[in-house]
Amino acid sequence: MPIRIPKSLPAFNILQNEGVMVMPHKIAERQDIRPIRIALLNLMPMKIETEIQFARLIGSTPLQIELTLVSMTNYVPKNTPVAHMQSFYKPFSDVKEYKFDGLIITGAPIEHLDFVQIEYWEDLKTIFDWTQTNVHSTFAVCWGAMAMLHYFYKLPKYQLTKKAFGCYHHKNIEPENKYLRGFSDKIEIPVSRWSEMRQRDIEEHQSLSILLTSKEVGPCLIQDKKHHALYMFNHLEYDTTTLANEYSRDKESFANASKPVNYFPANKTSKIPANKWRSHGHLLYGNWINEIYQGTPFDVSQIRK
């Protein structure tokens, strides 16, 4: 089944050309089924790129997905055209009375700041509380995952002396977990961050379970049974060239920018990298959507009741 997004959204034609089933709202409304309602709180500066990445993953399941793009109410992004935001995004204040089967919270390039220094931190705390009454399952990514863990568990965020950047080997330590169905024992996952949360802090809380981890860059995927959430510190949603594009941007800002490790063939930037994580990205988000479908009530108003 397809993902429901506006036909004028840039992601529509891109995903359709990739073979992802997309459907405009008018056609979707003819089908006598209830779609799974997923919201995407997009905190990334490259919003269109991020929309495509997540829509691609959640649009590849057998279920009809209705995607709602959400922005912070009192924050105006600097890198996305105003017309795009006004056409396709709803501020949180407009959706706070809604119920959603799932919510994805993206990362944001603000890891160098303490959480309380973030311009929209108070609004974000309100959204975290709102997930406990209006969202069946939340999937937070990178900085968004760290922010949510800090809010609910007071976990500290540690700054790294060197950017964790590249494709790192990860170990599947809970292969029987419902979110890891079909996963290999070892997985390569793109990583791009200047901070981390540490295993010893996470293990102090019984409701948190580490599902994927790396000797080099630490915990990756955490399940939070108490708050009905998954936290992913790394980036299975990345395109093949996302790390290369980020490296190019880094070089413009830092003369000694490091190349992403284990990414370019023979470590040569002239060679096209191979995507070694795509299948696991589809597996993880497909498993998440399946668990939502199995557990969410048919009557949307009954979510979290």
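Nothing here was measured: the structure is a model prediction, and the numbers come from that model. (Residues numbered from 1 in each chain as written. Predicted model: local features only at pLDDT ≥ 70, side-chain atom pairs only at ≥ 80, totals over all residues. Heavy atoms only, no water.)

Observations regarding the overall build of the chain
Operational definition: For helices the rule is a DSSP run of H or I covering at least 4 residues; for strands it is a run of E covering at least 2, with both sets numbered from the N terminus onward. We take the radius of gyration over the C-alpha atoms and set the globule estimate at 2.2 Å times the residue count to the 0.38 power. Per-residue accessibility, obtained with a 1.4 Å probe over protein chains only, is compared with the maximum for each type, and a residue is labelled buried under 20%, exposed over 50%, and partly exposed between these values.
Each helix and strand counted, the chain has 10 helices and 12 strands in total. For the chain, the C-alpha radius of gyration of 19 Å lies close to 19 Å, the compact-globule estimate for 305 residues. Along the longest, intermediate and shortest principal axes, the C-alpha atoms of the chain span 55 × 45 × 40 Å. In the chain, which comprises 305 residues, the share counted as buried stands at 57%.

A closer look at the nonpolar core
One broad rule of soluble globular proteins: the nonpolar side chains tend to lie buried together. Applicable threshold: We call a set of buried residues a nonpolar core when its members are Ala, Val, Leu, Ile, Met, Phe, Trp, Tyr or Cys and they connect through side-chain atoms within 4.5 Å of each other. The criterion used for residue contact is that any of the two residues' heavy atoms lie within 4.5 Å.
Among the nonpolar cores identified, the biggest contains 46 residues, and Ile38, Ile104, Phe139, Leu284, Tyr285 and Trp288 are the most heavily contacted of them. The biggest single contributor to this core is helix α10 (residues 278-295), with 5 residues. Ignoring anything within four residues of it in the chain, the contact list for Tyr285 reads Phe54, Leu57, Ile58, Ile104, Phe139, Val141 and Glu237. Counting residues in each nonpolar core, the second largest holds 40 residues, with Phe115, Val135, Ala140 and Ile222 among its members.

Thoughts on unusual backbone geometry
One non-glycine residue, Cys142, lies in the positive phi region at around 50°. Residue position: Cys142 is located in the loop between β7 (135-141) and α7 (143-153).

Focus: the packing of helix α6 (residues 121-134) against α7
Our working definition: Helix axes are fitted only over the stretch in contact, all axes being lines through C-alpha atoms; the angle between N-to-C directions runs from 0 to 180 degrees. Roughly parallel means an angle under 35 degrees; roughly antiparallel means over 145; roughly perpendicular covers 65 to 115; every other angle is labelled oblique. Residue polarity follows a fixed list, in which Ala, Val, Leu, Ile, Met, Phe, Trp, Tyr, Cys and Pro are nonpolar, Asp, Glu, Lys and Arg are charged, and the others, Gly among them, are polar.
α7 packs onto α6 with a crossing angle of 75° between their chain directions and a minimal axis gap of 11 Å. It follows from the interaxial angle that α6 and α7 lie roughly perpendicular. For the pair α6 and α7, contact is made by Trp121, Leu124, Lys125, Phe128, Asp129, Thr131 and Gln132 and by Trp143, Gly144, Ala147, Met148, His150, Tyr151 and Phe152, respectively. For the contact of α6 with α7, the residue count by class is 8 nonpolar, 4 polar and 2 charged.

Focus: the confidence of the model for the chain
Let me state the cut-off plainly: Note: pLDDT gives the predictor's confidence per residue, expressed from 0 to 100.
Confidence in the prediction of the chain, expressed as mean pLDDT, is 91, and 92% of residues score 70 or more. Confidence drops under a pLDDT of 50 for residues 27-32, and excluding neighbours within four residues, the segment shows 7 contacts in the predicted structure.

Some points on α7
Burial runs high along α7: 10 of the 11 residues are buried. The complete set of buried residues in α7 reads Trp143, Gly144, Ala145, Met146, Ala147, Met148, Leu149, Tyr151, Phe152 and Tyr153. Within two residues after α7, Lys154 carries a phi angle of roughly 60°, on the positive side.

Considerations on the packing of aromatic side chains
Quick reminder of the rule: Two rings from Phe, Tyr or Trp (for Trp, the six-membered ring) form a pair when their centres sit within 6.5 Å of each other. Planes less than 30 degrees apart are called stacked, planes more than 60 degrees apart edge-to-face, and all others tilted.
Taken as a whole and judged by the stated rule, the model has 16 aromatic pairs. By way of ring pairs, the aromatic residues Phe115, Trp121, Phe128, Trp143, Tyr151 and Phe152 are connected into one cluster.

With respect to the pattern of salt bridges
What counts is decided by this rule: The term salt bridge refers to a side-chain nitrogen of Lys or Arg lying within 4 Å of a carboxyl oxygen of Asp or Glu.
Taken as a whole and assessed by the stated rule, the structure comprises 10 salt bridges. We note a salt bridge from Lys163 to Asp250, for which the minimum N-O separation is 2.8 Å. Note that Lys163 is positioned in strand β8 (residues 158-172) and Asp250 in helix α9 (residues 242-253), a separation of 87 residues in sequence.

Let's talk about the environment of Asn42
Here is the rule: For the purposes of these results, a polar contact is taken to be a pair of N or O atoms within 3.5 Å, where, inside protein, one atom must be able to donate a hydrogen and its partner to accept one; residues adjacent in sequence count only when each atom of the pair is a side-chain atom.
Relative to the elements of secondary structure, Asn42 occurs in the loop between β3 (36-41) and α3 (47-58). We classify Asn42 as buried; its relative accessible area is 2%. Taking the C-alpha atoms as reference points, Asn42 and Thr131, separated by 89 residues in sequence, lie 15 Å from one another. If near-sequence neighbours (up to four positions away) are discounted, Asn42 is found in contact with Lys47, Thr50, Glu51, Val70, Tyr89 and Thr106. From its side chain, Asn42 meets the backbone nitrogen of Met44 in a polar contact 3.2 Å long.

Details of the pairing of strand β12 (residues 229-232)
For the record, the criterion: DSSP-based pairing: two strands are paired if at least 2 bridges between them are found.
Neither face of β12 is open: one carries Ala229 and Tyr231, the other Leu230 and Met232, and all of them are buried. The pairing of β7 with β12 spans 4 bridges and is classified as parallel. Within the sheet, the bridge partner assigned to Val141 lies in β12 and is Met232. In this sheet, β12 lies alongside strand β11 (residues 218-224) in antiparallel orientation, the contact comprising 4 bridges. Paired with Ile222 across the bridge in β12 is Tyr231. In textbook terms, the turn of a hairpin is the stretch between consecutive antiparallel strands, and for β11 and β12 this stretch comprises 4 residues, one of which, His228, has a positive phi near 55°.

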